[in-house]
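Overview (structure and organization)
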Amino acid sequence: MYVAKRTGCRVTGITVAEEQLKYCRELLAKEDRERESASSCSFLVTRGWHADKGLAERVSFEFADYRVFAERNKGRFNRIISCEMLEAVCSMQPCAALL
């Protein structure tokens with residue numbers, strides 16, 4: 001969500017942990033509620049955040065195995081950022097197919 005806030009890009013997060021998916025979706029909803037209730041968008045803009053759209057329009061989270069996700073989404077993404085996953089996986093081929 002941080003990257004989407006800072007750059008305005010679209011972000012898709014994937015996980016195979018149901019609790020993590022629930023937490024991320026709740027956090028996304030909370031971020032959008034806070035943005036809507038902010039008294040002035042200038043605060044968000046001065047911090048470098050893109051306040052023109054809600055995060056829910058640019059960020060999504062899916063319950064998916066990365067290998068299945070990669071097969072379904074070949075060529076759809078131009079960047080991949082891994083947090084605590086790729087270093088535990090032997091083969092990068094499925095992720096490379098996303099690019």
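Residues numbered from 1 in each chain as written. Predicted model: local features only at pLDDT ≥ 70, side-chain atom pairs only at ≥ 80, totals over all residues. Heavy atoms only, no water.

So, the packing of aromatic side chains
Keep this limit in mind: Classification of ring pairs rests on two measures: the distance between centres of Phe, Tyr or Trp rings, Trp counted by its six-membered ring, which must be within 6.5 Å, and the angle between planes, read as stacked under 30 degrees, edge-to-face over 60 and tilted in between. Accessible area is worked out with a 1.4 Å probe on protein chains only. A residue is then buried under 20% of its type maximum, exposed over 50%, and partly exposed in between.
Within the structure shown, the criterion is met by one aromatic pair. Note on Phe 69 and Phe 77: the rings are 5.8 Å apart at their centroids and 35 degrees apart in plane angle, and the pair reads as tilted. As far as the burial class goes, Phe 69 and Phe 77 line up, both buried.

Notes on the pattern of salt bridges
Just so we agree on the cut-off: The term salt bridge refers to a pairing of a side-chain nitrogen on Lys or Arg with a carboxyl oxygen on Asp or Glu at a separation within 4 Å.
Applying the stated criterion to the full structure yields five salt bridges. Here Arg 67 ties to Asp 65 by a salt bridge, and the two come within 2.7 Å at their closest N and O atoms.

A few points about the nonpolar core
For the record, the criterion: Working definition of a nonpolar core: buried Ala, Val, Leu, Ile, Met, Phe, Trp, Tyr and Cys residues. They are joined through side-chain atoms within 4.5 Å. The helix count covers DSSP runs of H or I at least four residues long, the strand count covers runs of E at least two residues long, and both are numbered beginning at the N terminus.
Grouped together as the largest cluster of nonpolar side chains are seven residues: Ala 4, Leu 21, Cys 24, Leu 28, Leu 55, Val 59 and Phe 61. Where this core is concerned, the elements lending two or more residues are α2 (18–37) and β2 (59–63). Considering each element in turn, this core owes the most residues, three residues, to α2.

A word on the confidence of the model for the chain
Filter applied, for reference: The pLDDT score gives, residue by residue, the confidence of the prediction method on a 0 to 100 scale.
Looking at the chain as a whole, the pLDDT averages 76, with 68% of positions reaching at least 70. Taking the mean pLDDT of every element in the chain, the minimum, 44, falls on helix α3 (residues 41–46) and the maximum, 93, on β2.

Looking at the side chain of Asp 32
The condition is simple: Within 3.5 Å is the distance limit for a polar contact, defined as a pair of N or O atoms, with the added protein rule that one can donate a hydrogen and the other accept it, and that residues adjacent in sequence qualify only through two side-chain atoms. By definition, residues are in contact when any of their heavy atoms lie within 4.5 Å.
Counting through the fold element by element, Asp 32 comes out in helix α2. Of the polar contacts made by the side chain of Asp 32, one reaches the backbone nitrogen of Ala 56; its length is 3.0 Å. Setting aside residues up to four positions removed in sequence, Asp 32 forms contacts with Gly 54, Leu 55 and Ala 56.

Some points on α2
Note the following rule: A helix is expected to span 1.5 Å multiplied by its residue count minus one. As used here, the arc is the angular range of directions from the helix axis to the C-beta atoms.
Taking 1.5 Å as the rise per residue, α2 with 20 residues should run 28 Å; its terminal C-alpha atoms sit 29 Å apart, in good agreement. Taken together, the buried positions of α2 are occupied by Leu 21, Cys 24, Leu 28 and Asp 32. Take α2 and look down its axis: the buried residues cluster within an arc of 70 degrees, on one side only. Structural note: α2 exposes Glu 19, Arg 33 and Ser 37 on the side pointing more than 90 degrees away from its buried face.

Some remarks on a nonpolar patch on the surface
Stated formally: Candidate patch residues must exceed 30% relative accessible area and have no salt bridge, after which like charges are joined if within 9 Å and Val, Leu, Ile, Met, Phe, Trp or Tyr side chains if within 5 Å. With residues, only the protein chains shown are counted as cover, and all accessible areas are computed by Shrake-Rupley using a 1.4 Å probe.
Among the surface-exposed residues, Tyr 2, Val 3 and Ile 81 lie close enough to one another that they form a single nonpolar patch of about 340 Å² accessible area. Looking at where Val 3 falls in the secondary structure, it is placed in helix α1 (residues 2–7). A relative accessible area of 34% places Val 3 in the partly exposed class.

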